Amino acid sequence: MGGGGCETGDSRLGADLRDTNGAKGDFDVSLDQAEQTSDSDVRFHLHSQTNPRGHIENGPFVATRGKGAHVYDDSGKSYIDAMAGLWCTSLGFDNARLAAAASKQYAQLGYYHSFYGRTNPVTAALARKLVELAEIPGGKTYFTTSGSEANESMVKFAWIYHAARGKPTKRKVISRHRAFHGSTIVAASMCGLEMMHREFGLPLPGFIHTLCPDNYTGRLAGETEAAFVARLAFELERQILREGPDTIAAFIAEPVMAGGGIIPPPAGYFEAIQSVLAKYDILLLDDEIVCGFGRTGNWFGFQTVGMKPDMMSMAKGITSSYFPLSAVVMRPEIYEAIEKANAEGTVLGHGFTNGGHPVGAAVALEAIAIYEEMDVVGYVRRIGALLHERLAAACAGSPIAANLRGVGMMYGVELVADPSTGLPFAPARKVGAQLASLAMERGLIVRAMRDTIGFCPPLIVGEAEVEEIGSKFEDSLHALALAGY
Ligand SMILES: Cc1ncc(COP(=O)(O)O)c(C=O)c1O
């Protein structure tokens, strides 16, 4: 690599690289560039959760800029993103305060790590703030960079916890069918979705799945909600006894399932589940990756559904996804076990280079300050009620829209062949995907999870955006009816 311009002794080049006035990247996209983007993307970019051949045939969706809850494609067309990207940009797509917080921190200290006891002012401040918000007195925060890493870290901490208390055989983890907890090997094993397992020979042994608490499709004929909950708890206990209580470390759940199809738990679900877990000394891991930071109309989803977590994972809304930062907040007992496991002077053998990144921490502190200033809890309850009302009105005019469900600012609508019986469409008809693509034509981004249409917009949407989402959804439902499903 000799002869290049990057020798450390080249002070002229060094000054050029440090120049803060003349940023070199001009990101305006001309039509030629748009073509180049598509061409480069199709040729060189392998995409997550995308059919490879379909991508070559259809090309990418190219987002070039954002304004509030809207994004613009390379032809200049505007879309309201009713999914906040991937359930994450709670403060929209161009928040100037988050940009300024990142820029200020980049100028002050662009990186430092948290291995070997290192820290920095913003990361330490965020650790404290998260423990306070999580209402876990004496708790500790552990920083990671993605939701999957946070969930995977909770599993490792659960293993340490039980081993340090003389129960090293407690290793298995129970999650629910249809759950989504991430893409790394353990996180994917905890998913209850065949799509996350098929190509990889997952789940790993020791990752077990119990029933999904879907109040709409999960109940038996004539079963009341209370009887359904009792059956879910009974089935969980049966599985625990079958596996052996001494082999089970933890149960992981989202307060309201997101990617599984927006599934709020039936009344009394977590109380019933928790009493089974407590009986067999099984930790409750709370995946707050979508539900955290106001999404359900409380700071955290556990407050909405009556969960009492031992550990919580957070990501997405924590920085409005302006920086890849995630975290685990744990009860003091978990931390004490980690301390005990290293009592002889060993170190916690876990960590990520960018965990607790100061720029991410600065962005998270600013995002949290904005949530506090906007009274995110009150705001989400008020605008969320309007969103629910507007979606209900859209569904009322459609012969196939059923079971509008959700809370705060996350809702799902089920598209079914017969709303009176809940009879689903044949999967091959891909009715949900058809609706999502008709919505896209109308400038509305929603998520089809099979035939459930998901809405999880940025939390900053106002009445006008609620109306835009509702009317474009209504219009898409009409178009779907005209197309004959
Ligand atoms: C509930 C939940 N948990 C975990 C994850 C994984 O997060 P990441 O993609 O940042 O690893 C996601 C991502 O969508 C999620 O929705």
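Keep in mind the model is a prediction, meaning the values are calculated, not measured.

Draft legend 1. Structural view of the sheet that holds strand β14 (residues 444-445). Pairing is mixed across the open sheet formed by four strands, whose spatial order is β1-β2-β3-β14. Only two strands of the sheet have a single neighbouring strand rather than two, namely β1 (63-67) and β14. Alignment of strand β2 (residues 70-73) against strand β3 (residues 78-81), held across three bridges, turns out to be antiparallel. Paired with Val71 across the two strands is Tyr79, which belongs to β3.

Draft legend 2. Region of the structure containing the site of the ligand. Residues in contact with the ligand, as listed here, are Ser146, Gly147, Ser148, Asn151, Phe180, His181, Gly182, Glu254, Asp287, Ile289, Val290 and Lys316. With respect to the ligand, the backbone of Gly147 contributes an N or O atom lying 2.8 Å from an oxygen atom. Across the complex, the protein chains shield 81% of the 390 Å² of accessible surface that the ligand would expose by itself. By residue number, the principal contributor to the shell around the ligand is helix α7 (residues 147-164), which donates three residues. For the shell around the ligand, a count of residues per class yields three nonpolar, six polar and three charged.

Draft legend 3. Inspection of the sheet that holds strand β8 (residues 283-287) at higher detail. The seven strands lie next to each other as β4-β10-β9-β8-β7-β5-β6, forming an open sheet whose pairing is mixed. The sheet terminates laterally at β4 (140-144) and β6 (207-210), the two strands that pair on one side only. Between one strand axis and the next, the sheet turns through 25° on average, direction left out of account. By the bridge criterion, four bridges tie strand β7 (residues 248-253) to β8 in an arrangement that is parallel. Bridging across to β8, Ala250 finds its partner in Leu283.

Draft legend 4. Inspection of unusual backbone geometry at higher detail. Cis rather than trans, the peptide bond between Leu202 and Pro203 has omega equal to 5°. When you line up the elements, Pro203 lands in the loop between α8 (185-190) and β6. One non-glycine residue, Glu135, lies in the positive phi region at around 55°. Structurally, Glu135 can be placed in the loop between α6 (121-133) and β4. Positive phi, close to 50°, is recorded for Arg450, a residue that is not glycine. As for its position among the elements, Arg450 is in the loop between β15 (447-449) and β16 (452-455).

Draft legend 5. How the structure looks around the nonpolar core. Core analysis: the biggest nonpolar cluster contains 100 residues, and Leu130, Phe251, Phe293, Leu415, Phe455 and Phe473 have the highest contact counts within it. Each of domain 1 (12-94 + 375-482) and domain 2 (112-356) gives at least three residues to this core. Once residues within four sequence positions are removed from consideration, Leu130 is found in contact with Thr141, Phe143, Phe293, Met314, Ile318, Ala327, Val329 and Ile368. Within the second largest apolar cluster, 23 residues are counted, among which are Met154, Tyr161, Ala164 and Ala250.

Draft legend 6. The packing of α7 against helix α12 (residues 332-341), seen in detail. Interhelical geometry of α7 versus α12 gives an angle of 70° and a closest axis separation of 8 Å. When the interaxial angle is binned, α7 and α12 end up roughly perpendicular. In this structure, α7 crosses over α12, and the sense of that crossing is left-handed. From α7, Phe157, Ile160, Tyr161 and Ala164 reach across to α12, where they touch Glu333, Ile334, Ala337, Ile338, Lys340 and Ala341. Classifying every residue of the contact of α7 with α12 gives eight nonpolar, no polar and two charged.

Draft legend 7. Examining the side chain of Thr141 more closely. Its location among the elements puts Thr141 in strand β4. According to the relative accessible area criterion, Thr141 is buried, its value standing at 17%. At 2.9 Å, the side chain of Thr141 and the backbone oxygen of Ala127 are in polar contact. Aside from chain neighbours lying at most four places away, what touches Thr141 is Ala127, Leu130, Val131, Ala327, Val328 and Val329.

Draft legend 8. Inspection of the side chain of Arg295 at higher detail. Its location among the elements puts Arg295 in the loop between β8 and α11 (301-305). Here Arg295 occupies a buried position and makes no salt bridge, while the nearest side chain of opposite charge, Asp81, is found at 9.2 Å. A polar contact is formed between the side chain of Arg295 and the backbone oxygen of Met409, at a distance of 2.8 Å. Reaching out from Arg295, the side chain makes a polar contact with the backbone oxygen of Pro457 at a distance of 2.7 Å. In this structure, Arg295 is in contact with Ala84, Ser90, Val290, Val380, Val407, Gly408, Met409, Met410, Cys456, Pro457, Pro458 and Leu459, ignoring residues within four places of it in sequence.

Definitions and limits used
- Residues numbered from 1 in each chain as written.
- Predicted model: local features only at pLDDT ≥ 70, side-chain atom pairs only at ≥ 80, totals over all residues.
- Heavy atoms only, no water.
- Pairing = 2+ DSSP bridges.
- Helix = DSSP H or I, 4+ residues; strand = E, 2+ residues; numbered from the N terminus.
- Near = heavy atom within 4 Å.
- Polar contact = N/O pair within 3.5 Å; in protein donor to acceptor, adjacent residues only side chain to side chain.
- Areas by Shrake-Rupley, 256 points an atom, 1.4 Å probe, with all protein chains shown as cover.
- Nonpolar A, V, L, I, M, F, W, Y, C, P; charged D, E, K, R; others polar.
- Axes fitted to C-alpha atoms, helices over the stretch in contact; angles between N-to-C directions.
- Core = buried A, V, L, I, M, F, W, Y, C linked by side-chain atoms within 4.5 Å.
- Buried < 20%, exposed > 50% of the residue type's maximum accessible area, 1.4 Å probe, protein only.
- Domains from an automatic or database assignment.
- Contact = heavy atoms within 4.5 Å.
- Parallel < 35°, antiparallel > 145°, perpendicular 65-115°, else oblique.
- Left-handed = near helix turned anticlockwise from the far one by under 90°.
- Lys, Arg positive; Asp, Glu negative; His and termini not counted.
- Salt bridge = Lys/Arg side-chain N within 4 Å of Asp/Glu carboxyl O.

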